[in-house]
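# Inside the fold
This is what each chain is made of:
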Amino acid sequence: MIRNSLNQVLILTISNMKSRYRKTIAGFFWVIANPILMFFVQSTVFKKILNIQITGYSVFLLGGLLPWIFIVSTLDMCATILLNNGEVLRSYNINPTVIVLSQVLDNLINFLAAFFILLIVFALLGNIRFAPLLLFPLSLSVLAIFVFSISWIVSILQVFYRDIKFIIQFGTSILYFLTPIFYPQEMVPQNLQYIIELNPLYILISPIRSNVYNFTLDLYVAQIIKAMLVSGITLLIARKLWDIKKNEFYQFLR
Amino acid sequence: MNSINSSDKILSIRNLSVNVNQDIYPRYTVKDIFISSVQSLVQKKNTKKTINILANINLDIFRGQRVGIIGVNGAGKSSLCRCISGVCSTDKNTIMINGKARFVLNSNAGIFPELTGRENAELLSYLMYPDLSIKERREMLQESLDFSELKDFLDSPFNTYSKGMQTRLILSMISAKSCDLLILDEVFDGADEFFQSKISKRILNTIFNSGAAIFVTHSIPQLRLVCNRLIVLNEGQIAFDGSIDDGVLFYRSIKK
C-alpha cells in the first residue's frame, strides 16, 4: 500500500516537472534560476549597499534564504493543490497526501539543485567546512517533514476556507522580515528575542544554516532537537486535522 | 473497508447514509458569518440544515452480477460509487468488499495536456492500477497502447489529439484489466465509439470478466447491453432493485 502510494508520488512529481518544462528551452534552469538570482541580489544589496557586517555573509544568507524560498514557495503552491486536483481525487482512489507529497518533492528537488550549485561555488572558494555538511541530510529530512506537514494542513484548510491562500501569502511576506534570514539573530533586541525563539520557520531553518555557517555541535544539537519537536508536532496536528475533516472533505472538494 | 467471507458475495453495504450539514443562509462574507453566529446564539436558531445524500442504503452484490445504476441528476449515484470506492468516509463495517475493487469515475481526470499520449497513459496506469508489478505494468501499457492504434500520435502532446483520439486512448487504458469489482461511473457517456468500434468488445470483455460490475449511465441502450440487474436511485434511496425491463419502466415513471 505504501509502495503503491510512493510510486504514485514519484510518477506525479515526474509528470508535473515534465509538463512544466515542456516547450521551454531552458526548462529546469528557470526554476532554479529564481532562488539563485534572489540570492545574488540580496547578497549584493545587504553586503555592499546596506553594509551588514557579518563575516562570510554570502554563506550565511545561503543557509537562510534558500530554505526560506523552499518553505514559502511550497506553501504557496500547496495551498490550492488539493482543491485544484479535486477532479483527480474524486475520480481515482488516491490518497490526498500523495498529491501534496508530490508537490513537496518537486520543490525539494528544485531547492536542492539551487542550494548545491551555490554550495559548490562557495566550497571551491574555500568558504565551506565539510564535516558539518554530513549532518545536512538530517536537517533536511526534519525540514522536509515540516514542510510536508504544514502544506498538508494548509491544503486541507483551503478546501474549507478559500481565504487561506491569501492569508498565507500575506503572512509569509510579513514573516520574512520577522525571521532572521538576511540579518543575524543577535541583531534583534533582547526584549524581542522571544519572537525569534517562537518562530517555527526559523526553528526549522537554523539547523540547515548551522550545517553551512559557523557550526558548533552544542548549538546544532539544541537546534535540531527543537526542529524535530516542531516538525513532529506539526505532523501530528496535520494528521489530527485530516481525521477531523476527512468526513466532509470530499463534499467540499468542488 | 473490511473483507467478507462468502466467496460469492462481492459487495455488502449495510445502513449507509451520507449527510451534509449546509448553511441555511449562505455565508459568503465576514458579515454573513457574524450575523449567522449571533442569530444562532441569541435566537437559538439552527442555522444549518442536513441534506441526505444517501439514506440508509442496504445492498448486496454477488459474483456475476452487472448492476446498472440509474437515477435523475442528484439522486446519489456518484456518491454511492465514491463511498464503495473509498473516496468518501463511512463508518467501519458499513461497506465490505470481497476482493479488489477498481473504479473509474471520470475518464480524463489526471491528464496533463502538455504531455504525450504515452506519458499520460503511464501516469493513468499508476492512478488506475496502483498495485501492478513493474513487469505487469509494462505489459499492460504496451498492450493498451497497441490496442489504441494511435501509433505515431502516441508521442504527440495529448492536447493535439482530437476528441475521438483522446477517448480511444483513455478507454484502452480503462478496459485493460478486469478485477473483482469494477465500478464505472458515466465513463462512456458521450463516447460514441463505445457501441461502434472494436473497443466496445474489449470494454464488454473487461466488464464480463470482472467478478461483478457497477455501471452508472444515463443511457438505457448501454444498460441493456451491459447489465443483468438494475437499481434506480431516487433522492438518496434505492427506489427499485430488480430486472432491467421493470427498472426502466419504473425509472420512466418517476421521471415524469
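## Considering the overall build of chain B
On a plain count of helices and strands, chain B comes out with nine helices and nine strands. With 256 residues in all, chain B has 49% of them scored as buried. Considering only contacts in chain B between residues 6 or more positions apart, those separated by 24 or more positions represent 73%. On chain B, roughly 12,600 Å² of surface is accessible, and the fraction owed to carbon and sulfur atoms is 49%.

## Structural notes on the overall build of chain A
Along its length, chain A carries 11 helices and zero strands. Beginning at the N terminus, the succession of helices and strands in chain A can be written as α-α-α-α-α-α-α-α-α-α-α. Taking 2.2 N^0.38 as the reference for a compact globule, 254 residues should give roughly 18 Å; the C-alpha atoms of chain A span a radius of gyration of 19 Å, in line with that estimate. A principal-axis box enclosing the C-alpha atoms of chain A has dimensions of 55 × 45 × 35 Å. Counting across all 254 residues of chain A, residues that qualify as buried make up 54%. The long-range share in chain A, meaning contacts at least 24 apart out of those at least 6 apart in sequence, stands at 77%. Across chain A, the centroid of the 18 positively charged side chains sits 8 Å from that of the 9 negatively charged ones.

## Topic: the packing of helix 7 (residues 136-160) of chain A against helix 8 (residues 164-178) of chain A
If you want to describe how two helices pack, look at the angle between their axes and the distance between the axes. Residue and element names in this part refer to chain A. Here helix 7 crosses helix 8 at 135 degrees, and the two axes come no closer than 8 Å. Here helix 8 runs oblique to helix 7, going by the angle between their axes. Between helix 7, through V154, L157 and Q158, and helix 8, the contact on the second element is made entirely by I164, K165 and I168. Counted by class, the contact of helix 7 with helix 8 contains four nonpolar, one polar and one charged residues.

## Looking at the interface of chain B and chain A
Taken together, the contact pairs 30 residues of chain B with 23 residues of chain A. Across the chain B-chain A interface, the total number found is two salt bridges. For A:K18, the salt bridge is made with B:E119, and the minimal N-O distance between the two is 3.5 Å. If you look at where chain B meets chain A, you find five residue pairs in polar contact (both at pLDDT 80 or more). If you list the elements that add at least two residues to the side of chain B that touches chain A, you get strand 1 (9-23), helix 2 (77-85), strand 5 (101-104) and helix 3 (117-128) of chain B. When residues of the side of chain B that touches chain A are assigned to their parent elements, the largest contribution, seven residues, is made by helix 3 of chain B. Counted by class, the side of chain B that touches chain A contains 18 nonpolar, seven polar and five charged residues.

About the criteria used
- Residues numbered from 1 in each chain as written.
- Chains lettered and ligands numbered in written order.
- Predicted model: local features only at pLDDT ≥ 70, side-chain atom pairs only at ≥ 80, totals over all residues.
- Heavy atoms only, no water.
- Helix = DSSP H or I, 4+ residues; strand = E, 2+ residues; numbered from the N terminus.
- Buried < 20%, exposed > 50% of the residue type's maximum accessible area, 1.4 Å probe, protein only.
- Contact = heavy atoms within 4.5 Å.
- Areas by Shrake-Rupley, 256 points an atom, 1.4 Å probe, with all protein chains shown as cover.
- Rg over C-alpha atoms; globule rule 2.2 N^0.38 Å.
- Lys, Arg positive; Asp, Glu negative; His and termini not counted.
- Charge placed at Lys NZ, Arg CZ, Asp CG, Glu CD.
- Axes fitted to C-alpha atoms, helices over the stretch in contact; angles between N-to-C directions.
- Parallel < 35°, antiparallel > 145°, perpendicular 65-115°, else oblique.
- Nonpolar A, V, L, I, M, F, W, Y, C, P; charged D, E, K, R; others polar.
- Salt bridge = Lys/Arg side-chain N within 4 Å of Asp/Glu carboxyl O.
- Polar contact = N/O pair within 3.5 Å; in protein donor to acceptor, adjacent residues only side chain to side chain.

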